[in-house]
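Report on the structure
Here are the chains, one letter per residue:
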Amino acid sequence: MTVKTRYITLDTAGNGDVLEITAQVEGCLQDSSLSNGVATIFTPIPPDREYQHNARWGDGNGHSHARAALLKPSLSVPFVNGKLTLGTWQSIVLVDFDNRQRSRKLIVQLMGE
């Protein structure tokens, strides 16, 4: 089994911004030369940030982490014959719950053959 790691960098508007990223993930898959396996898309949480938002800093961003915890920071999608196995109406989206604009770097890890 081969593991390949790719990155998607994008800017979000915050406040529930929804970005369609299916084409970028498909591009990562095509670039990998893998045919069958699983793609995991992950949005990392910076380890060097203070996360006691509302109580300590009063910046109004604590709700963002509660919402993000409900959706989780990653998604795994199988791929077969070099294609993501999404349904007819399915796509991959990033939902940004932060209360301001951010630059995001997503990790796309592809495992397969």
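Everything in this summary refers to the structure shown in the same document.

Cut-offs applied
Starting afresh in each chain, residues are numbered from 1 along the sequence in its written order. Given that the model is predicted, a residue must reach a pLDDT of at least 70 before its local features are reported, and side-chain atom pairs must reach 80 or more before they are shown or counted; all residues, however, enter totals for whole chains, interfaces and linings. With hydrogens and water set aside, each side-chain value is computed from the structure's full complement of heavy atoms. Side-chain rings of Phe, Tyr and Trp (the six-membered ring for Trp) are treated as a pair once their centres are within 6.5 Å; stacked means planes under 30 degrees apart, edge-to-face means over 60, and tilted covers the remaining angles. Either the NZ atom of lysine or the CZ atom of arginine qualifies as a charge over a ring when it sits within 6 Å of the ring centre and within 35 degrees of the ring normal. Throughout this description, the term salt bridge denotes a Lys or Arg side-chain nitrogen within 4 Å of a carboxyl oxygen of Asp or Glu. In DSSP terms, a helix is any run of H or I states spanning at least four residues, a strand is any run of E spanning at least two, and both are numbered starting from the N terminus. Exposure is judged per residue with a 1.4 Å probe applied to protein chains only, and the accessible area is read against the type maximum: over 50% gives exposed, under 20% gives buried, and values in between give partly exposed. The arc refers to the directions leading from the helix axis to the C-beta atoms. Note on definitions: a residue-residue contact is assigned when non-hydrogen atoms from the two residues lie within 4.5 Å.

1. Digging into the packing of aromatic side chains
Taken as a whole, this structure holds 0 aromatic pairs when the rule is applied. The ring of Tyr7 is capped by Lys105, whose NZ or CZ atom sits 4.6 Å from the centre of that ring.

2. A short note on the pattern of salt bridges
According to the stated counting rule, one finds 4 salt bridges in the structure shown. With a closest N to O distance of 2.5 Å, Arg6 and Asp31 form a salt bridge. In this pair, Arg6 sits in strand β1 (residues 2-12) while Asp31 sits in helix α1 (residues 22-32), placing the two residues 25 residues apart along the sequence. Overall, Asp31 belongs to the partly exposed group, its relative accessible area being 48%.

3. Brief notes about unusual backbone geometry
Within the chain, Asn15 stands out as a residue other than glycine whose phi angle is a positive 55°. Inspection of the secondary structure assignment puts Asn15 in the loop between β1 and β2 (17-20). Judged by its relative accessible area of 56%, Asn15 falls in the exposed class. Positive phi, close to 55°, is recorded for Asn81, a residue that is not glycine. You can see Asn81 is positioned in the loop between β4 (74-80) and β5 (83-84).

4. As for α1
Those residues of α1 that sit buried are Thr22, Val25, Cys28, Leu29 and Ser32. An end-on view of α1 places all buried positions within 125° of arc, on one side of the element. The exposed residues of α1 that point more than 90 degrees off its buried face are Ala23 and Gln30. Residues of α1 that are buried in the fold lie against β1, β2, β3 (37-42), β4, β5 and β7 (102-112). Backbone geometry just after α1 places Ser33 at a positive phi near 65°.

Geometric descriptors of this kind do not, in isolation, establish any biological role.
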